[in-house]
Amino acid sequence: MKKSLIIVGVLAAVGISLILWAMGAFNGEVRLRKRYETQFNIVETTHDTMWKTLSQQYKIQEKYRETFIEGLQAVAVGRAGGSVFKSSTESSAQLGLSDDIFRSLMNSIEGKRAELKRSQDTLSDIWREHSTYCMVYPRAILVGSKVLPKPKMITSTRTETAVQTGRDDNI
């Protein structure tokens, strides 16, 4: 009788442990899935904020922006072999944009693009963590079918082409 109670107790403890482990595996997957889904919203708002900030920071109208870019390119071509930054500031002066405003705009561009990169890096890291979590045994038995698709990153056509072909000759 005593042996039977000990065996039943051990089996009950093992059963409860397995149930708690399974609940932990499912709950861990849910937490990672929600982080992944939420990070997409963060990437979207970061991208949206970046463009709104850059478009509205100095209330630069579309036509003025195009004229600025054309002027920048024209001056840069005329300064072959010269400093790109110097040609950019010369162009901005020719178009009536002060060096301080130009530098501030350039800092905003760099800062906002870095923020977008960080949010995409975080999304990629959450995806990696979730995939690893779901694929490692013995958890893979319970949640292996819940692996999320690899997230699509916001990138340029040039970068996509370079990744696909393995070449970037357009420097």
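It should be emphasised that the depicted structure is a prediction, and the values quoted were computed from it without experimental measurement.

Draft legend 1. Broad picture of the overall build of the protein chain. Broken down by element type, the protein chain carries six helices and zero strands. If you list the helices and strands of the protein chain from N to C, you get α-α-α-α-α-α. Counting the 171 residues in the protein chain, one finds 23% classified as buried. Across the protein chain, contacts joining residues at least 24 apart in sequence account for 66% of those joining residues at least 6 apart. By element, 61% of the accessible surface of the protein chain is carried by carbon and sulfur atoms, the whole surface being about 12200 Å².

Draft legend 2. Just the environment of Met106, in detail. Tracing the backbone through its elements, the reader meets Met106 in helix α4 (residues 99-135). With a relative accessible area of 30%, Met106 lands in the partly exposed category. Distance in space between the C-alpha atoms of Met106 and Leu54 is 9.4 Å, their sequence separation being 52 residues.

Draft legend 3. Region of the structure containing unusual backbone geometry. For the bond running from Tyr137 to Pro138, omega is 5°, close enough to zero to count as cis. Here Pro138 is to be found in the loop between α4 and α5 (139-143).

Draft legend 4. Representation of helix α1 (residues 2-56). Under the 1.5 Å per step criterion, the end-to-end length of α1 is 80 Å for 55 residues, consistent within 8% with the ideal 81 Å. Considered for burial, the residues of α1 that qualify are Ala22, Ala25, Gly28, Glu29, Leu32, Tyr36, Gln39, Val43, Thr46, Met50 and Leu54.

Draft legend 5. Broad picture of the environment of Val30. As for its position among the elements, Val30 is in helix α1. C-alpha separation for the pair Val30 and His130, spaced 100 residues apart in sequence, amounts to 9.4 Å.

Draft legend 6. Representation of the layout of surface pockets. What the second largest pocket holds in volume is close to 200 Å³. Lining the second largest pocket, in full, are His47, Met50, Trp51, Arg113, Leu116, Lys117, Gln120, Ile154, Thr155, Ser156 and Thr159. When contributions to the lining of the second largest pocket are tallied by element, the ones reaching two or more residues are α1 and α4. Of the residues belonging to the lining of the second largest pocket, the class tally is four nonpolar, five polar and two charged.

Draft legend 7. Representation of the pattern of salt bridges in the model. One pass over the structure, following the stated rule, counts 10 salt bridges. Notably, a salt bridge pairs Lys34 with Glu37, separated by 3.1 Å at the nearest N-O pair. Here Lys34 and its partner Glu37 are both found in helix α1, three residues apart, which amounts to about one turn of the helix. Taking relative accessible area as the criterion, Lys34 reaches 47% and is therefore assigned partly exposed.

Draft legend 8. Local environment of the nonpolar core. Formed by Tyr36, Val43, Met50, Leu54, Leu116, Leu123, Ile126 and Leu148, the largest nonpolar core amounts to eight residues. The set of elements that each furnish at least two residues to this core consists of α1 and α4. Here this core takes four residues from α1, the largest share from any one element. Here Leu54 is in contact with Leu105, Ser108 and Ile109, once residues within four sequence places are set aside.

Draft legend 9. Molecular detail of the packing of aromatic side chains. Under the criterion given, the structure shown has one aromatic pair. An angle of 90° between the planes, with centres 5.1 Å apart, marks the rings of Tyr36 and Phe40 as edge-to-face. One end of the pair, Tyr36, and the other, Phe40, are both in helix α1, four residues apart, so they sit about a helical turn from each other. With relative accessibility at 6%, the residue Tyr36 sits in the buried group. On the basis of relative accessibility, which here comes to 33%, the residue Phe40 falls in the partly exposed class. Lying over the aromatic face of Tyr133, Arg139 brings its terminal NZ or CZ to 3.9 Å of the ring centre.

Draft legend 10. Broad picture of a nonpolar patch on the surface. A cluster of nonpolar side chains, contributed by Ile6, Val10, Val14, Leu18 and Trp21, occupies part of the molecular surface with about 470 Å² of accessible area. Its place among the elements puts Val10 in helix α1.

Criteria and thresholds
Residues numbered from 1 in each chain as written. Predicted model: local features only at pLDDT ≥ 70, side-chain atom pairs only at ≥ 80, totals over all residues. Heavy atoms only, no water. Helix = DSSP H or I, 4+ residues; strand = E, 2+ residues; numbered from the N terminus. Buried < 20%, exposed > 50% of the residue type's maximum accessible area, 1.4 Å probe, protein only. Contact = heavy atoms within 4.5 Å. Areas by Shrake-Rupley, 256 points an atom, 1.4 Å probe, with all protein chains shown as cover. Expected span 1.5 Å × (residues − 1). 1 Å grid on protein atoms, 1.4 Å probe; cavity = no way out; pocket = protein on both sides within 12 Å on 5 of 7 lines; lining within 4 Å. Points joined across faces, edges and corners; volume = space filled by probe spheres on them. Nonpolar A, V, L, I, M, F, W, Y, C, P; charged D, E, K, R; others polar. Salt bridge = Lys/Arg side-chain N within 4 Å of Asp/Glu carboxyl O. Core = buried A, V, L, I, M, F, W, Y, C linked by side-chain atoms within 4.5 Å. Phe/Tyr/Trp six-rings, centres within 6.5 Å; stacked < 30°, edge-to-face > 60°. Lys NZ or Arg CZ within 6 Å of the ring centre and 35° of its normal. Patch = residues over 30% accessible without salt bridge, like charges linked within 9 Å, V, L, I, M, F, W, Y side chains within 5 Å.

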